[in-house]
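Examining the three-dimensional arrangement
For reference, the chains in residue letters:
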Amino acid sequence: MTAAKRILRKAQRQAYASQRESTAGKIMKASNADTKLFYKLINMQRKTPLTNTKILKLNEKTAEDGPSIMNIWQETGILTPILKKEKDKTLPSSYRGMTVTKTFAKILQSILLKDRVNSVFNIIQNSMQRGFTEGVSSLCAAFLTSKAIEGSKQLKILLILITLDAEKAFNKLNHEILFNKLYHYGTKGKPWILLRNLYKGMSIKVKWEGQCTEDVMVLQGIQQGAKLSTTLYKCYNNVILDSILKSGLGACIGDIQVPAPTCADDIAVLANSTADATKSEAVLYNAKGSNISTLQFEDNDINITNETKHLGIKRNEQNRANISERIRTGRATIYSLLGAGLHVRRGFSPMVAYKLWRTYAVPRSIYGLEVMNLLAKEKDMLELAERKFSDNSMFKGFQIIQQIWLYIPW
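Conventions we followed
- Residues numbered from 1 in each chain as written.
- Predicted model: local features only at pLDDT ≥ 70, side-chain atom pairs only at ≥ 80, totals over all residues.
- Heavy atoms only, no water.
- Helix = DSSP H or I, 4+ residues; strand = E, 2+ residues; numbered from the N terminus.
- Buried < 20%, exposed > 50% of the residue type's maximum accessible area, 1.4 Å probe, protein only.
- Areas by Shrake-Rupley, 256 points an atom, 1.4 Å probe, with all protein chains shown as cover.
- Polar contact = N/O pair within 3.5 Å; in protein donor to acceptor, adjacent residues only side chain to side chain.
- Contact = heavy atoms within 4.5 Å.
- Axes fitted to C-alpha atoms, helices over the stretch in contact; angles between N-to-C directions.
- Left-handed = near helix turned anticlockwise from the far one by under 90°.
- Nonpolar A, V, L, I, M, F, W, Y, C, P; charged D, E, K, R; others polar.
- Phe/Tyr/Trp six-rings, centres within 6.5 Å; stacked < 30°, edge-to-face > 60°.
- Lys NZ or Arg CZ within 6 Å of the ring centre and 35° of its normal.
- Core = buried A, V, L, I, M, F, W, Y, C linked by side-chain atoms within 4.5 Å.
- Parallel < 35°, antiparallel > 145°, perpendicular 65-115°, else oblique.

Overview of the overall build of the protein chain
Scanning the protein chain from N- to C-terminus turns up 12 helices and 18 strands. Taking all 410 residues of the protein chain together, the buried fraction comes to 40%. Carbon and sulfur atoms provide 53% of the accessible area of the protein chain, an area that totals close to 24,500 Å².

Quick notes on unusual backbone geometry
With phi around 60°, Ala264 is a residue other than glycine that occupies positive phi space. Positionally, Ala264 belongs in the loop between β12 (262–263) and β13 (266–271). With relative accessibility at 7%, the residue Ala264 sits in the buried group. Even without being a glycine, Asn319 presents a positive backbone phi close to 55°. Summarising the element assignment, Asn319 is placed in the loop between β18 (313–316) and α9 (323–336). Judged by relative accessible area, Asn319 falls into the buried class, the value being 2%.

Digging into the side chain of Ser152
Structurally, the position occupied by Ser152 is in helix α5 (residues 139–155). Polar side-chain contacts of Ser152 include one of 2.7 Å to the backbone oxygen of Ile149. Non-local contacts of Ser152, meaning those with residues more than four positions away in its chain, are made with Ile157, Leu159, Tyr285 and Asn286.

Examining the packing of helix α4 (residues 103–124) against helix α8 (residues 229–247)
Running from N to C, α4 and α8 point in directions that differ by 35°, and their axes come no closer than 11 Å. Note on packing geometry: the crossing formed by α4 with α8 is left-handed. Across the interface between the two elements, Val117, Asn118, Phe121 and Ile124 from α4 touch Thr231, Lys234, Cys235 and Asn238 from α8. The class makeup of the residues in the contact of α4 with α8 is four nonpolar, three polar and one charged.

Regarding the packing of aromatic side chains
Under the criterion given, the structure shown has three aromatic pairs. Note on Phe121 and Tyr185: the rings are 6.1 Å apart at their centroids and 55° apart in plane angle, and the pair reads as tilted. One end of the pair, Phe121, is in helix α4; the other, Tyr185, is in helix α6 (residues 175–185), with 64 residues separating them in the sequence. One cation-aromatic arrangement involves Lys181 over Tyr236; the distance from NZ or CZ to the ring centre is 4.6 Å. The cationic tip of Lys188 hangs over the ring face of Tyr183; the distance from NZ or CZ to the ring centre is 5.1 Å.

Observations regarding the nonpolar core
Membership of the largest hydrophobic core comes to 24 residues, with the highest contact counts inside it found for Ile160 and Leu270. If you list the elements that add at least two residues to this core, you get α5, β5 (159–165), β13 and β14 (281–285). Among the elements that line this core, the one with the most residues is β5, at five residues. Among the nonpolar cores identified, the runner-up in size contains 22 residues, and Leu113, Ile204, Val216 and Leu232 belong to it.

A look at the packing of α4 against helix α7 (residues 189–199)
Each pair of packed helices gets described by two things: the angle between the helix axes and the distance between those axes. Look at α4 against α7: their axes get within 11 Å of each other, and the N-to-C directions meet at 125°. One way to sum up the angle between α4 and α7 is to call them oblique. Relative to α7, α4 is oriented so that their crossing is left-handed. Here Leu108, Gln109, Leu112, Leu113, Arg116 and Val117 of α4 come into contact with α7, specifically with Pro191, Leu194, Leu195 and Leu198. In terms of residue class, the contact of α4 with α7 is made up of eight nonpolar, one polar and one charged.

Okay, here's the thing in structure tokens:
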């Protein structure tokens with residue numbers, strides 16, 4: 001009996017080692033040729049069992065069993081509910097509804113409609129809109145924000161940064177207004193009729209824990225996850241950015257207007273006076289002597305804070321990056337990747353581990369720093385953190401890999 005157990009454990013260890021080596025090979029191969037597969041393999045190694053909520057609350061209703069929860073989802077019109085990061089899973093508003101379209105509709109939007117709509121809209125897209133645009137990084141919007149802040153400091157003039165939170169922006173688009181704008185932008189004829197018919201009388205089913213509700217009619221909003229959703233959203237809100245530019249209000253970099261750097265539904269309003277301000281959170285720069293204590297838009301108060309976030313980059317009154325927080329983020333990412341094999345002595349080979357670290361952990365640590373004006377001591381802090389990481393006994397093999405990495409013809 002004991003001998004049989006030893007043989008079984010040996011076979012299990014061999015199978016695990018073989019699987020680990022196979023996964024390492026796939027990850028290394030995918031990292032050079034297939035980025036999508038590379039991240040997919042990493043996430044498969046890191047993922048934890050999905051835990052759905054057993055309680056869901058909507059207004060005064062509380063659902064504690066499967067059928068009741070399905071009824072609440074049907075009332076909200078959410079498709080495949082995906083929980084947002086760090087949100088209360090008992091509230092329907094904490095979920096993002098993602099659409100899984102039929103194969104025919106996906107092919108139709110990808111091949112026939114997307115190029116035709118984009119070819120028309122890309123010509124008239126507002127220059128402030130940098131989101132979901134081919135060949136343009138979303139960090140271009142963050143760069144404009146940084147330069148406007150630096151310019152206000154040099155000129156010693158007041159600058160108000162207001163971040164707008166467009167709550168459920170994709171779910172509230174009026175279909176009639178959307179297709180009216182598409183027509184006037186130049187999408188006409190059969191493509192316009194075909195696209196309108198895709199949304200006219202459209203119905204969805206909500207999938208939850210392997211079960212589906214009955215059909216729900218969709219009267220507003222666009223399908224998140226569909227091929228054309230981002231372009232349709234930009235078409236819908238393009239006139240707003242056009243109006244802001246034509247008004248002449250907002251901040252400038254030299255003689256270039258930058259009143260509202262935007263990435264999809266993430267907008268940063270830059271103003272030099274309270275008359276230009278709108279809503280949400282605000283950070284004031286060079287506000288000494290300005291006597292601004294509150295900001296209002298119509299009857300709504302604007303929350304003045306010391307720090308706000310735009311495009312994932314935290315903006316504070318000093319316009320400085322929190323390097324210590326970035327280092328902690330990098331360290332947390334490294335330890336979260338241990339399950340994916342980021343361990344030289346007991347995990348993947350140093351080459352694979354370094355590839356994971358370089359591709360996954362480093363970008364999270366330095367995201368957005370290229371648009372910030374870093375001090376020399378801040379750069380030194382980042383370099384020191386990397387050296388300490390390399391000196392860690394758990395990742396000692398990285399020291400050699402770092403020296404030869406530049407000489408490998410990837």
